[in-house]
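Secondary and tertiary structure notes
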Amino acid sequence: MKCILCAKEIHGENVKWINENSPLCEKCAALTEKKEETSFEYNHTESEKNETGAMIQTVAKIIWILGAITAIILFVVSGVASIIVLVSYLFAVFVSGLLMYGLGEIIILLGQIKDKISTKR
Ligand SMILES: [Zn+2]
């Protein structure tokens, strides 16, 4: 039979079975085991990187909440501000928060892509 990864002829004691239809030579079996160890470490770093992205997204939510509260307070305190001013201000706050939130999303995504590339090596 042949190793499913490197197609090397293998027989007897040298055959390592992943499942019924997938024989591996000793070398590929060893490599596969190492890969599993690496992917475990990579999952660990991935969750750490996602924390940075999640933190930025939390800041974005704070911007939304504080921005909305400030807008309402300003609207109530100063009788000058019109509904249009309030709505435009809320819209500006929403967009700023959205940009921040998107940045967090991009950082999470970049972290995942980077980790996927480093696992392949
Ligand atoms: Zn092999």
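First, a word on what this report is: a plain description of the structure on this page.

**Observations concerning the overall build of the protein**
A tally of helices and strands in the protein yields two helices and two strands. When the helices and strands of the protein are placed in sequence order, the string is β-β-α-α. Counting over 121 residues, the protein shows a buried share of 7%. In the protein, the proportion of contacts linking residues at least 24 apart, taken out of those at least 6 apart, comes to 52%.

**Overview of the environment of phenylalanine 91**
Within the fold, phenylalanine 91 resides in helix H2 (residues 83-120). Between the C-alpha atoms of phenylalanine 91 and alanine 68, which are 23 residues apart in sequence, the distance is 9.6 Å.

**A word on the pairing of strand S1 (residues 16-19)**
In this structure, S1 lies alongside strand S2 (residues 22-24), joined through three bridges in antiparallel fashion. The residue of S2 that forms the bridge with tryptophan 17 is proline 23. The loop that links S1 with its antiparallel partner S2 comprises two residues.

**So, the environment of glutamate 9**
Note that glutamate 9 resides in the segment before S1. Since 9 C-beta atoms lie within 10 Å of it, glutamate 9 is described here as exposed. Sequence separation between glutamate 9 and cysteine 25 is 16 residues; the distance between their C-alpha atoms is 8.1 Å.

Criteria and thresholds
Every chain's residues receive numbers from 1 upward, in the order its sequence appears when written. In keeping with the predicted nature of the model, local features appear solely for residues at pLDDT of at least 70, side-chain atom pairs appear and are counted solely at 80 or more, and the whole-chain, interface and lining totals rest on all residues. Put simply, DSSP marks the helices as runs of H or I at least four residues long and the strands as runs of E at least two long, and each gets a number from the N terminus on. Counting other C-beta atoms within 10 Å of a residue's own tells you its class, since 20 or more makes it buried, 12 or fewer makes it exposed, and anything in between is partly exposed; those C-beta atoms are placed from the backbone. Residues are defined as contacting one another if the C-beta atoms placed from their backbone atoms lie within 7 Å. Strand pairing is assigned whenever DSSP detects at least two bridges linking the two strands.

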